[in-house]
Amino acid sequence: MGTLNTLTLTDAIRKLHNNEITLDALYADVNSAVSSKNSALNIYLAQDKYAEKSAEKGTLSLLRGVPIAVKDNFLTVGLPTTASSKVLDGFMPPYESTVTSKLKKAGGVIFGKTNMDAWAHGSSTETSDYGPTKNPRNPEHLPGGSSGGSAAAVAADMCIAAIGSETAGSIRQPSAWCGVVGLKPTYGRVSRAGVVAMGSSLDCPGPITKTVEDAAILLNVIAGQDKYDATTSPVQVPDFTKMLKTGVKGVRVGIAYIDHEKLVGTPAAKAVEQAAEVLQSLGAIVDRVPLSQTLKDNTILTPDYAIGVYTVVQRGEVSSNLARYDGIRYGHDRTHFGDEAKRRIMLGTFTLSKGYADKYYVKAQQVRSLYIQNFRQLFSRYDVLISPTSPGYALKLGASKDNPMFGELEDMLEEPSSITGLPGINVPCGHDKKTNLYLGLNIVSAQWNEGLVLRAGYAFEQNTYWNSWLKKDK
Amino acid sequence: MSTAVVQHIAKLANIPITSAEEKKLADGFTTTLGVVDQLKKLDTSTVEPTHQVTGLQNVLRDDGIDRDRMFTQEQALANALHTHNGYIVVEQILDQE
């Protein structure tokens, strides 16, 4: 057996284009990785038996028929879609999500559907009704979530690239824990049509890939206004691969959050300080942004409040979105909801109910405005902000059990940028040789500035040795 | 949060829960709302709430039929658990008089 499954998307496309490799050989290697690893890691919930046949149709298009893993909350005709919940067990979507339909049009193949936290509620992939996914880097540890299956599929080379979705951290945090690249686009950049709705003012589909260049290629395919999602923006979509390799000379970088009590002295904070030095050595202008408990110019508002904002806004939107599951038109009835979904639906119902909406929901949306003001001011001074993606390495299996705030605490460094709709990328920035686990760098910029986020991520990735697919001799 | 409130919310949200779950849920909600209560520390008396971040307003579509989005009867019924003569069977909610 060969190792073509370990190819990056960039290399796979190039080699297929130049006829250096065949689709048959590529699929043979990916299939072989899946058959040897899937039962232990529990990554794919469904696979397309005819993937290779569809691949042949894509050979002349941009993506050349490469196999792409897609999170199980994207509707896919011909492949069951459950969002990892028993409520949707056996559901066969009658229409295709915009994202997967764009991938197919570009010659990509929806190779399989990946495990996730049920309804994308969580940051561990342990709340899946189909059992947890294990981290391919170290199977005693969690892959993170909610797009844990997609991040694990990439890390295990069980696909060439993947698609996830993020509400607050669900692309970037599992990418950090699995040592892969994950890009959360600006809210409204990528269509949510045909994605199982969770937090409608927050949900963002995005690429999970082996390299930053791979992420740019996939973002080019999936971005853009969609008549089926009124929140997608008419803002022009640039070619994200074009500016990618122009470096970070003169880019103003702010180091954020590492003064937070949960981060001081941690490996994650140290890794970010080292990352800042790398960016500085490449010509970036680096500065530390002081942490603040209140809104103040030139300081960054503590992420602590974003946990509360996210908790209220997300649960409110969940209670509304999951009201549609009645088991009549499709799916099964409401007795099939798991514990986490019950908790979220009920808390959202409470915070939106008469007498409490002003106290909780409106208050949260006001604090959301404070974060927007804070970032607006900071992005007049900085081009990008960097921080750890997660406060630490991947936790062990079982860590999320019986902790109603597990996800919120693990994702606190992404929540401010999520509630404000900003783009951010995770790139690996540290590795523990003993456990084989990774740390991630979160690079965030202003709305619609994915180009710069990718450029900074690319410069960092190419000038460090953390990316396991780009290992080169020193 | 009391178990009585939990029962009330469960009814509003149409979520069937057992009495064993009530206490656990009440404790969990109390913990979570404790975190949310931190928001009180911030003065927002002069701040407008943000409901969406796109800045888009009044996004309208043409008032027409999009045939690409229409289901056949077969597609529309394909995932329903109970159907009868081309209809979806639902529970009776009105009295027969």
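Each remark here, short or long, concerns the structure printed above.
What this report covers is the structure whose coordinates are included nearby. On a predicted model such as this, the values are computed, not experimentally measured, just so you know.

## Topic: the sheet that holds strand S8 (residues 285-288) of chain A
Residues and elements named next belong to chain A.
Part 1: Taken together, the 11 strands give an open sheet; going across it, the order is S1-S3-S2-S4-S6-S5-S12-S13-S11-S7-S8, and neighbouring strands pair in mixed fashion. At either end of the open sheet lies a strand with only one pairing partner, and these are strand S1 (44-47) and S8. Ignoring which end each strand starts from, the neighbouring axes of this sheet average 25 degrees apart.
Part 2: Bridge count for strand S7 (residues 252-255) against strand S11 (residues 384-388) is three bridges, and the pairing is parallel. For Ile255, the partnering residue across the bridge sits in S11 and is Ile386.

## Considering the packing of aromatic side chains
Residues and elements named next belong to chain A.
Part 1: Following the criterion strictly, the structure yields 11 aromatic pairs over all chains and no others.
Part 2: Here Trp119 and Tyr325 contribute two aromatic rings whose centre-to-centre distance is 4.6 Å and whose plane-to-plane angle is 45 degrees, an arrangement assigned as tilted. Linking Trp119 in the loop between strand S3 (109-114) and helix H5 (148-155) with Tyr325 in the loop between helix H9 (304-321) and helix H10 (339-351), this pair joins segments that are 206 residues apart in sequence.
Part 3: Ring geometry for Trp119 versus Phe337: centroids 5.7 Å apart, planes at 50 degrees, classification tilted. Here Trp119, found in the loop between S3 and H5, pairs with Phe337, found in the loop between H9 and H10; they are 218 residues apart in sequence, far enough to count as distant.

## A few points about the packing of H10 of chain A against helix H1 (residues 3-12) of chain B
Part 1: Orientation of H10 of chain A relative to H1 of chain B, taken along the N-to-C sense of each, is 100 degrees, at an axis distance of 9 Å. One element, H10 of chain A, and the other, H1 of chain B, form an angle in the roughly perpendicular class. Along the contact surface, H10 of chain A presents Met346, Thr349 and Phe350 of chain A, while H1 of chain B presents Val5, Val6, Ile9, Ala10 and Leu12 of chain B.
Part 2: In terms of residue class, the contact of H10 of chain A with H1 of chain B is built from seven nonpolar, one polar and no charged.

## Some thoughts on helix H11 (residues 357-378) of chain A
Part 1: Taking 1.5 Å per residue, 22 residues should reach 32 Å; H11 of chain A reaches 31 Å between its end C-alpha atoms and fits that length.
Part 2: Taken as a whole, H11 of chain A carries its principal kink of about 25 degrees at Lys363 of chain A.

## Let's talk about the side chain of Ser417 of chain A
Part 1: Assignment of secondary structure puts Ser417 of chain A in helix H13 (residues 415-419).
Part 2: Every residue in contact with Ser417 of chain A, bar those within four places of it in the chain, is listed here: Arg172, Lys184, Phe375, Leu422 and Val444 of chain A.

## Regarding the layout of surface pockets
Part 1: Considering only enclosed or pocket space, the largest pocket measures out at about 870 Å³ in volume.
Part 2: In terms of residue class, the lining of the largest pocket is built from 18 nonpolar, four polar and eight charged.

## Structural notes on unusual backbone geometry
Residues and elements named next belong to chain A.
Part 1: Cis geometry marks the peptide bond from Gly145 to Ser146; its omega dihedral reads 10 degrees.
Part 2: Structurally, Ser146 is set in the loop between S3 and H5.
Part 3: With a phi angle near 55 degrees, Asn19 is a residue other than glycine that sits in the positive phi range.
Part 4: Assignment of secondary structure puts Asn19 in the loop between helix H1 (9-17) and helix H2 (23-41).
Part 5: By relative accessible area, which is 67% here, Asn19 ends up exposed.

## Brief notes about H5 of chain A
An α-helix turns once per 3.6 residues; consequently, residues spaced three or four apart project the same way.
Residue and element names in this part refer to chain A.
Part 1: The element H5 is extensively covered by neighbouring structure, given that eight of its eight residues are classed as buried.
Part 2: Burial in H5 covers these residues: Gly148, Gly149, Ser150, Ala151, Ala152, Ala153, Val154 and Ala155.
Part 3: For H5, the elements touching its buried residues are S1, strand S2 (67-71), S3, strand S4 (161-166), helix H6 (172-178) and strand S6 (204-209).

Definitions and limits used
Residues numbered from 1 in each chain as written. Chains lettered and ligands numbered in written order. Predicted model: local features only at pLDDT ≥ 70, side-chain atom pairs only at ≥ 80, totals over all residues. Heavy atoms only, no water. Pairing = 2+ DSSP bridges. Helix = DSSP H or I, 4+ residues; strand = E, 2+ residues; numbered from the N terminus. Axes fitted to C-alpha atoms, helices over the stretch in contact; angles between N-to-C directions. Phe/Tyr/Trp six-rings, centres within 6.5 Å; stacked < 30°, edge-to-face > 60°. Parallel < 35°, antiparallel > 145°, perpendicular 65-115°, else oblique. Contact = heavy atoms within 4.5 Å. Nonpolar A, V, L, I, M, F, W, Y, C, P; charged D, E, K, R; others polar. Expected span 1.5 Å × (residues − 1). Bend = angle between axes of the 7 residues up to and from the residue. 1 Å grid on protein atoms, 1.4 Å probe; cavity = no way out; pocket = protein on both sides within 12 Å on 5 of 7 lines; lining within 4 Å. Points joined across faces, edges and corners; volume = space filled by probe spheres on them. Buried < 20%, exposed > 50% of the residue type's maximum accessible area, 1.4 Å probe, protein only.

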